[in-house]
Structure formats: structure tokens, C-alpha cells
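Topology and contacts: notes
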Amino acid sequence: MEKVGNNSSQLSVKQEEPTLVTPAEETEKGFYFLSNLDQNIAVLVRTIYCFKTDSKCNKDAVKVIKDALSKVLVHYYPLAGRLTISSEGKLIVDCTGEGAVFVEAKADCTIEEIGDTTKPDPITLGKLVYDIPGAKNILEMPLLVAQVTKFKCGGFVLGLCMNHCMFDGIAAMDFVNSWGETARGLPLKVPPFMDRSILKARNPPQIEFQHQEFAQIEDISETSSKVYKEEMLYNSFFFDPEKLELLKKKATEDGDLDKCTKFEALTAFVWRSRTQALRMKPDQQTKLLFAVDGRPRFDPSIPRGYSGNAIVLTNSICSARELLENPLSFTVGLVQKAVNMVTDSYMRSAIDYFEVTRARPSLAATLLVTTWSRLSFHKTDFGWGEPIFSGPVALPEKEVILFLSHGKERESINVLLGLPASAMKIFEELMQI
């Protein structure tokens, strides 16, 4: 487990004036449809990729990455457009071709001096991703902003800010890896499938499930008003394969469950621990949300290279008392039920539910687990080899916990989260298993 705080807030980065990178060839114009699975998730996601190799310095990094961006935007042309609102009051992309924002920057230190990159650090790591000055909402933000920061040691960092409405994690990795392939002069391994209308709502809509992911829970514990007034601390907790096996064993030792996955055991464990750390009242209802990849679950399955959001939120709701008084197997069982709930009809129903209600998932008394542990961030290669580190700059909401894969074989998981100071102290103790 890493402690919060390092000296890297002194990181000084000098940014040049931003430029616009347009597609290298003429691209389609007009409006580009976003599905209801894209609508609900229009948050900005900032990530960094740190590169350093002894065999090649960073002299050409800006030119190579910028030129490749221009070429890859021909395939991913909506990224060169701008978000707007359709006549139906939904987000849509106006494919203007005006381009992605690109910034060149220099840091006054070596890449190693950034410090502990294993946990979100919006202040320090945020200097490696360009912010659009004066932008008040997502409609004023380009869909893609890229910053290449060169370091004294010959290394460089690619910092990206992308709108989640354009990609889920799998589609984002396809895009970044395609960009890398283009930089290395290779054809795209996974060309994008651009038609999002395959996930449009049915006419008439058919809502066949309750969809409690949208349920507003009353915060009787006053967690939001009391505990979250304290200083927020961010931390990462390391689970190696042995620790993950131990959790799976704990989840099945009472014989209630035959088996469970690492994800199910870890999700159940952090849901219970966070509920306890926030000192929720026994009768407090608490909700777990997490995304399930719908690609293999839709019928017919979603085409390879689908360039959009094909993830669907599933949920479980129970009282803090039930979570804490029952064995771990009880909570793992709830997670398994939530996973199994996601079928083609459930996902189509969720798409139709948004069509009718325009509801947003509520995060009151909620934990939202986001899993990046299966994403190939560590494989991105622009010609300087794989990144020495890659990951998020910040967590999008205080209710979010992020699972990131870690280590050479990617078999360990880093759990990243933010909690109020007093809750973090309890959570740290509960992580000692």
C-alpha cells in the first residue's frame, strides 16, 4: 500500500500554444449519432502514458505522434468534430472536421521525478494533460485533447483528455493502439466499426426490468453532508495473486458458493469495507454499480472494433446491516446476481429506459466500481516501446473505485479510491488481510 503525498506537486511544465490537428484526408461531414449508452456517460477521462527507452530519445516524439494523429483521425473522423445537442435534446457529434487539440510541452525534470503514479493525483498528473481555458461544460470541450510533454531524461508523456461518450474502455484502447500502429507505419489491427445505430432504442420502447441503477437512495446516514465535508485522501491498495486467491477462498469457505471470480470477490470485499469505513447506519440502503461489457452479451454480439460505449451498468442494493452482518459469501452472491442479470433483453431494456425517462444513474449512498484491469493500456506503442506507466490522472467522482492491473504478468490489481480522512483510516485497517 502506498501512502498519500509525494513531492511531485513541484512539477513544473511549460505548455506551448495549442494547435488543431485535422484529419489528413477529407472526411464525412454532418451529424454522427450517439446511442443511449453513450448519452449517460459524458464525463471527461484523463489518462497518461509515460514512455522512456535508452535506444531512442524524445526528439521526434511530437512530430511522430502529431502526424499519426492526423492520419488516424481519417478512420475516427467524429473525434475531429464537436459535441452539440440534437433536435431530440440528446448529445450528437457535429462532424465539422475542425480537429483535435494538440499541445507540446516541456518539463524541467526527469520522468522518474513525477513521483508515485500508482494513485490518482489530479494536481501533479493534471499538469500533463491540457485543460481548455474557460470551458464551462462538455459542449465547449473538444472530444480529444492531446499533450506531449518532453522530459530532460529523454522520456516523454502523452496525456489525453477524451469524452467518455465517444468510447468505453475497450473502444478507447482500440483507438489509442490504432494511433500507435499508425505512428509505426502499420495497418490498423482493429479498424473501427462506426455505426452506433445498432444500439438505438426500440420503437416503441420496451422497459422490461426495474433498472434500480437509476434509483435515488435516501442518505439517512448523512454521509454526503457530514463525512464528505472532511479532507479527501486518495490511496492505492495492492492485491497480488496470493491476496486475491485468499479473498476467493474466504468467499467460498462457508460452502454457500461453489466458486467466484477475482473480480466478484474483490468487488464484494471493497463494497463491504467502504460501507464500514463510511460508518453508514445499519438501515442505510447502499447501492453497488459496475459496468459489464455488453459486446459478447448482445444478441447478435456487437461487431469487433465497435467504436462507442457497449457497457451497461448493473446494480445491487441492500442495507449496510445485511452487508456487514453476513459473511463475505453473501456479498459475493449479490455481485454474481448483478453480473448474471445482464442479458440482451436487460441491456435493450436499459437503452429503452433512457429513451423514455432520460434518467441518469444516481450516486447517492452508492459505490461505482470501474474495472480497467482487463484493458491493454500497457501495450500502447508509438515506436518507443510499451509505456513504463499508464493510467488515470484522477477519479471522475468521489463514489468511484478503480481496479487497475499491475505487474509484469498483469495478474495483480491496484485498487484506487478517494475517501474522507477519517474513513480512509478505517478502510486502510480493513485492507490488512
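Here is a short report on the structure shown in this document. As the structure is a prediction and not an experimental result, all values here were calculated from the model.

**A closer look at the pairing of strand β11 (residues 285-293)**
One ladder, built from 9 bridges, connects β11 with strand β12 (residues 311-319); its direction is antiparallel. Looking across to β12, one finds that L289 is bridged to N315.

**Focus: the packing of aromatic side chains**
Under the definition given, this model contains 16 aromatic pairs. Both rings, one in F193 and one in Y306, keep their centres 6.5 Å apart while their planes meet at 35°; by these two values the pair is tilted. Of this pair, F193 sits in the loop between α3 (169-183) and β10 (232-239) while Y306 sits in the loop between β11 and β12, and the two are 113 residues apart along the sequence. Using a relative accessible area of 27% as the deciding quantity, one classes F193 as partly exposed.

**Some words on helix α5 (residues 262-277)**
With 16 residues, α5 extends 22 Å from end C-alpha to end C-alpha; this agrees with the ideal 22 Å at 1.5 Å per step. Among the 16 residues that make up α5, 14 are buried, leaving the element largely enclosed by the rest of the structure.

**As for unusual backbone geometry**
Generally, phi is negative for residues other than glycine and the peptide bonds are trans, each holding for most cases. Cis geometry marks the peptide bond from N203 to P204, where omega comes out at 0°. Inspection of the secondary structure puts P204 in the loop between α3 and β10. Along the chain, D299 connects to P300 via a cis peptide bond; the corresponding omega equals 0°. Looking at the element boundaries, P300 is found in the loop between β11 and β12. In the Ramachandran plot, R358 falls in the positive-phi region, its phi being about 55° despite a non-glycine side chain. Tracing the backbone shows R358 in the loop between α8 (344-357) and β13 (366-371). Here R358 falls in the partly exposed class, since its relative accessible area comes to 32%. The phi angle at A365 is positive, at roughly 50°, despite the residue not being glycine. Following the sequence through the fold, A365 ends up in the loop between α8 and β13.

About the thresholds
Residues numbered from 1 in each chain as written. Predicted model: local features only at pLDDT ≥ 70, side-chain atom pairs only at ≥ 80, totals over all residues. Heavy atoms only, no water. Pairing = 2+ DSSP bridges. Helix = DSSP H or I, 4+ residues; strand = E, 2+ residues; numbered from the N terminus. Phe/Tyr/Trp six-rings, centres within 6.5 Å; stacked < 30°, edge-to-face > 60°. Buried < 20%, exposed > 50% of the residue type's maximum accessible area, 1.4 Å probe, protein only. Expected span 1.5 Å × (residues − 1).

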